[in-house]
Amino acid sequence: MDSHKFGKFRVERQVLNEESLEEVAHKKSYYETHPPFTNKLKDSLRCSVPRLKRWALSKFPVLYWLPKYSVWDYGMPDLISGISVGIMHLPQGMAYALLASLPPVFGLYSSLYPPLIYLFFGTSRHISIGTFTVLSIMVGSVTETLAPDTAFLINNGTNITMEVNITARDLYRVQVAAATTVLGGLIQVMLGVIKFGFVGTYLAEPLVRAYTTAAAVHAVIGQIKYIFGISPTRFSGPLSLVYTFGHICTLLPQTHLPTLLVSAVSIVCLVVAKELNSFLRPKLPVPIPVELITIVSATVISSYSHLSNNYTISVVGEIPSGLSPPCVPDVSLFRQVIGDAFALAIVGYAISISLGKTFALKHGYKVDSNQELLALGLSNMVGGFFECFAICSSMSRSLIQESTGGKTQMASLASAVIVLVTIMKLGPLFQELPKAVLASIVLVNLKSMFKQLFDIATLWKKSKIDLLVWLVTLISTLLLNLDMGLAASIAFALLSVIVRTQMPTYSILGNIRGTDVYVDIETHNQAREIPGITIFHSSATVYFANSDLYLEALKEKSGLDISKMIIYKRRQEAKQRRRERRAERRAKRQAKKEKRQAQRAAEQLAGAPVFSVEEEAGQWRDMGLDNVSAGENEEQITERENGTVFVMPTTPRTPDGQCRWEYLKGGADPENISLGWLSELPDGDTTTLGSSSEDTLSQDLERVSLGSLGKWTWDIHSIILDLSTANFIDIVAMKTMQNIFQDFSEIDVDIYLAGCQTSVVEQLERGCFFSEFITKKHLFATVHDAVLFCLNHRGARTFTRYEPSLDICISTKL
């Protein structure tokens, strides 16, 4: 590659540690950047006209764009888009009401009220609020669990059979759906008020796609009864989908053939028409309303051929015209549906915010996540009072609204007018519509969700962990139902993040010659480790869950088993103290000996010598250990091919725990052998008692012991911990760092931190991390600053295991 293709730069500056950096940069104090809570409270309560205006515009976005609305520029596109979306609302509203196990008219209500509320509070200009497949399935799971058919069986006038009181059942299911919707909306409003809009970020894209795929499977199982004309038992709880599917299989021989024929014809017509619509879309100004045409055609055919009476095909039935008055939901149901309401709130918000941000990025405006929570919550709450069920944005309708030229939420107003006219005047015309046609519309619309199964192959190539999250979400949602499946999926996704932070990549960094860049020496051939300096890097934040692993990885990567080395050092210090005490005793014995000799000399001068048994015994005891015959020892010498120290026992262990050891140095040549011997003390350690070269032998013994630890202590004089990836640090991690400083200082290895973010430094200050032993001079702005300081402070030592050709510029000239 041409070296002149990219620009070069050269910087000359002083090495910056945290202390000097704060002086140069004039760092603000913590209280300047973090004002007290009382000041924040006073500031939030302070009122002014500009502040009030900003608050009103943020809470009521319609006040921002409506005064600027241009009828000439936006009127016609919004009208065309609104009519197109309104036409889609009619069949989808009625079809998705079946998914929610409610009469079709309540799907129309859910397509009327919530979009009008969102118009005033929503920040997205292109999403279409109304019924959606996944939320309809979740509502249907709640309604069928709390209001099963078996709870509304009545006697049909005979003692043989029982029939379901459909009117009472549907009335109670509407109450359950309304209560769940109001409670879900209340949860969304509360989350929006406390600025909890980021909660949607915990629903990762693989999780959402797998969850919607599993919800599509639930939808298919729920619509099979309308497709085949059978009446399976609906189970609830874990594995309910498996039990329901098993019961459906047993009922397949009882399939109602006229209903199956209507379903098959409807599905074929819808699939062919949709494919034709997709093929002609570039040439058509407005998409063909395939679903509306199918519903109208099926209604006309059913009315004139009397399918309900002649072939007992189930139809929609009575659709009341007009609007129902608002009513307060049954609050006694809140306790039973709170879990499902929370799941509805989170899933609905996640779908809406992801779709809203997609359009906002495409068209260059911003979507407020907290305000979206508030808007969806109010839409659900108000809709619940008008007997609507849970809503969110629909991808298919939103794409139509955007592709047909919709500019603002005025398109929602136009679509609401279409739905309102249908409810007021056209509703009774759809009474003969077969339910099998609505179920067919649902199944065909689920095609895009089943295409998400191809994510398995894609994620297998891109990320195995995301694939695992995808599969766990799919399986848990299928087996545990939609509410518990969502909770299990989120828990597993968070667990995967925790596990990844506990198993980060640890590496030793090396320098790229002639630069201030430091990269992993194992993955970059041109990276060279700096002699005497180890740069340790972790790819994750150090915190309580991985602090022990961080310390173990540091020991492994640096090659210094600090625990063994500290133990050995302390043994050596204890040995040295014992040597000093022994020298003292030897000096005292020598003094006593000289005193006795002086006394004996005086006695000889005074008269005849006097023999003392006690004195002679003490003399032999003191001198016996210092006069070992060389001839006796030579018989026990064992040859050694190398020239290192060899130690061997010469006498058995005595009852008091002591034994005698011999060592020899100089290899196999007897003429070059220097002999000495050691005595093992009661604590199990060995000390040299006699030697012709005691200091040399002690050093050799030390090298043998340190060599067994894997690395010489003088290979590394400094370790730099790269904390550039850390965005926080907790108390446990601080204690781990302090222990690292303390332990490595005992073996004369300096520890330095590099690349700490300002927030991390502030947390270290508040956690009392710094002391007289650990100061801010141990923190450096970059790894390169720390390296240059170490080279200047301790010097660069070159060893055979390092490459000597390392180009490090001490003056920081890059």
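Because the structure is a prediction, the values reported are computed rather than measured.

J.: What is the right way to look at the overall build of the protein in this model?
T.: Summing up its helical and strand segments, the protein has 31 helices and 15 strands in all. Going through the 814 residues of the protein one by one, you find that 44% of them count as buried.

J.: Would you take a moment to explain the packing of helix α8 (residues 113-121) against helix α19 (residues 410-426) for this structure?
T.: If you want to describe how two helices pack, look at the angle between their axes and the distance between the axes. Following both chains from N to C, one finds α8 and α19 inclined at 160°, their axes separated by 9 Å at the closest point. Comparing the axis directions of α8 and α19 gives the class roughly antiparallel. In the packing of α8 onto α19, the handedness of the crossing is left-handed. Between α8, through Pro115, Leu116 and Leu119, and α19, the contact on the second element is made entirely by Met410, Ser412, Leu413 and Ala416. Class assignment of the residues belonging to the contact of α8 with α19 gives a composition of six nonpolar, one polar and no charged.

J.: Would you take a moment to explain the pattern of salt bridges for this structure?
T.: A side chain with one charge may pair with a side chain of the opposite charge, provided their charged atoms come close. Overall, the coordinates contain 15 salt bridges when judged by the stated rule. Put simply, Glu22 and Lys27 hold a salt bridge, and the shortest N to O gap is 3.6 Å. Linking Glu552 and Lys555 is a salt bridge whose minimum nitrogen-to-oxygen distance equals 3.9 Å. Highlighted residues: Glu552 and Lys555, both in helix α24 (residues 547-558), separated by three residues, approximately one helical turn. Since its relative accessible area comes to 47%, Glu552 is described here as partly exposed. Residue Lys555 is classed as buried on the basis of its relative accessible area of 15%. By sharing partners, the salt bridges in this structure join Glu22, Lys27, Glu765 and Lys776 into a single network.

J.: Would you explain the packing of aromatic side chains in this entry?
T.: The geometry of two aromatic rings is summed up by the distance between their centres and the angle between their planes. Applying the stated criterion across every chain yields a total of 19 aromatic pairs. For the pair Phe196 and Phe198, a centre-to-centre distance of 4.6 Å together with 55° between the ring planes defines the contact as tilted. Taken together, the ring pairs in this structure connect Trp65, Tyr69 and Tyr74 into an aromatic cluster. Of note, Arg125 hangs over the ring of Tyr365, and the distance from its end group to the ring centre comes to 4.4 Å.

J.: Would you explain a positive patch on the surface in this entry?
T.: Residues Arg577, Arg581, Arg585, Arg586 and Arg589 make up a contiguous surface patch of positive charge. Within the element layout of this structure, Arg581 appears in helix α25 (residues 562-606).

J.: Help me understand α8, please; the structure alone is not making it clear to me.
T.: Residues spaced three or four apart along an α-helix face the same direction, because each turn holds 3.6 residues. For α8, a buried count of seven out of nine residues is recorded, marking the element as mostly surrounded by other parts of the structure. Considered for burial, the residues of α8 that qualify are Tyr113, Pro114, Pro115, Ile117, Tyr118, Leu119 and Phe121.

J.: What's the story with the nonpolar core in this structure? I'm lost.
T.: Side chains of nonpolar character tend, in soluble globular proteins, to be buried together. Grouped together as the largest cluster of nonpolar side chains are 97 residues, with contacts concentrated most on Val134, Met138, Val347, Leu433 and Leu438. With 14 residues, the top contributor of residues to this core is helix α16 (residues 334-363).

J.: Got a minute to help me understand the side chain of Ser558 in this structure?
T.: With respect to the secondary-structure elements, Ser558 resides in helix α24. Of the residues examined, Ser558 reaches a relative accessible area of 1% and is grouped as buried. One polar contact links the side chain of Ser558 to the main-chain carbonyl oxygen of Leu554, over a distance of 2.7 Å. In terms of polar contacts, Ser558 uses its side chain to reach the backbone carbonyl oxygen of Lys555, at 3.4 Å.

J.: Would you take a moment to explain the packing of helix α6 (residues 71-99) against helix α20 (residues 435-445) for this structure?
T.: Taken N-terminus to C-terminus, the directions of α6 and α20 make an angle of 95°; their axes are 9 Å apart at the nearest point. In terms of axis orientation, α6 runs roughly perpendicular to α20. Judged by residue contacts, Pro91, Gln92, Met94, Ala95, Tyr96, Leu98 and Leu99 of α6 engage Lys435, Leu438, Ile441, Val442 and Asn445 from α20. Here the residues of the contact of α6 with α20 sort into nine nonpolar, two polar and one charged.

J.: What exactly am I supposed to notice about a nonpolar patch on the surface here?
T.: Taken together, the side chains of Phe235, Leu239, Val242, Tyr243, Leu453, Ile456, Leu471, Ile475 and Leu479 present a nonpolar region at the surface, about 710 Å² in accessible area. Those elements that provide at least two residues to the nonpolar patch are α12 (240-251) and α23 (464-502). At three residues, the largest contribution of residues to the nonpolar patch is made by α23. For Ile475, a relative accessible area of 47% translates into the label partly exposed.

J.: How do you make sense of the confidence of the model for the protein when you look at a structure like this?
T.: Detail in the predicted coordinates should be disregarded across regions flagged by low pLDDT. Looking at the protein as a whole, its pLDDT mean stands at 82, while 83% of the residues score no less than 70. In this model, residues 610-614 is a region of pLDDT below 50 whose contacts with residues beyond four sequence positions or in other chains number one contact. Considering only residues more than four positions removed or in separate chains, one finds that residues 624-714, a stretch of pLDDT under 50, has 144 contacts.

J.: Would you mind going over the side chain of Asn370 with me for this structure?
T.: Residue placement: Asn370 occurs in helix α17 (residues 369-385). A polar contact is formed between the side chain of Asn370 and the backbone nitrogen of Phe196, at a distance of 3.4 Å.

J.: Help me understand unusual backbone geometry in this model?
T.: Most peptide bonds adopt trans geometry, and most residues besides glycine take a negative phi value. Although it is not a glycine, Glu387 sits at a positive phi angle of roughly 65°. Inspection of the secondary structure puts Glu387 in the loop between α17 and β4 (392-394). For Asn481, which is not glycine, the phi dihedral falls at a positive 80°. Inspection of the secondary structure assignment puts Asn481 in helix α23.

J.: Is there a simple way to think about the environment of Ala178 in this case?
T.: Topologically, Ala178 is positioned in helix α10 (residues 166-193). Taking the relative accessible area as the measure of exposure, Ala178 reaches 5% and is therefore buried. With 205 residues separating them in the primary sequence, Ala178 and Gly383 have C-alpha atoms 8.1 Å apart. In contact with Ala178, not counting residues within four places along its chain, are Pro329, Gly384, Glu387 and Cys388.

Cut-offs used in this document
Residues numbered from 1 in each chain as written. Predicted model: local features only at pLDDT ≥ 70, side-chain atom pairs only at ≥ 80, totals over all residues. Heavy atoms only, no water. Helix = DSSP H or I, 4+ residues; strand = E, 2+ residues; numbered from the N terminus. Buried < 20%, exposed > 50% of the residue type's maximum accessible area, 1.4 Å probe, protein only. Axes fitted to C-alpha atoms, helices over the stretch in contact; angles between N-to-C directions. Parallel < 35°, antiparallel > 145°, perpendicular 65-115°, else oblique. Left-handed = near helix turned anticlockwise from the far one by under 90°. Contact = heavy atoms within 4.5 Å. Nonpolar A, V, L, I, M, F, W, Y, C, P; charged D, E, K, R; others polar. Salt bridge = Lys/Arg side-chain N within 4 Å of Asp/Glu carboxyl O. Phe/Tyr/Trp six-rings, centres within 6.5 Å; stacked < 30°, edge-to-face > 60°. Lys NZ or Arg CZ within 6 Å of the ring centre and 35° of its normal. Patch = residues over 30% accessible without salt bridge, like charges linked within 9 Å, V, L, I, M, F, W, Y side chains within 5 Å. Areas by Shrake-Rupley, 256 points an atom, 1.4 Å probe, with all protein chains shown as cover. Lys, Arg positive; Asp, Glu negative; His and termini not counted. Charge placed at Lys NZ, Arg CZ, Asp CG, Glu CD. Core = buried A, V, L, I, M, F, W, Y, C linked by side-chain atoms within 4.5 Å. Polar contact = N/O pair within 3.5 Å; in protein donor to acceptor, adjacent residues only side chain to side chain. pLDDT = per-residue confidence, 0-100.

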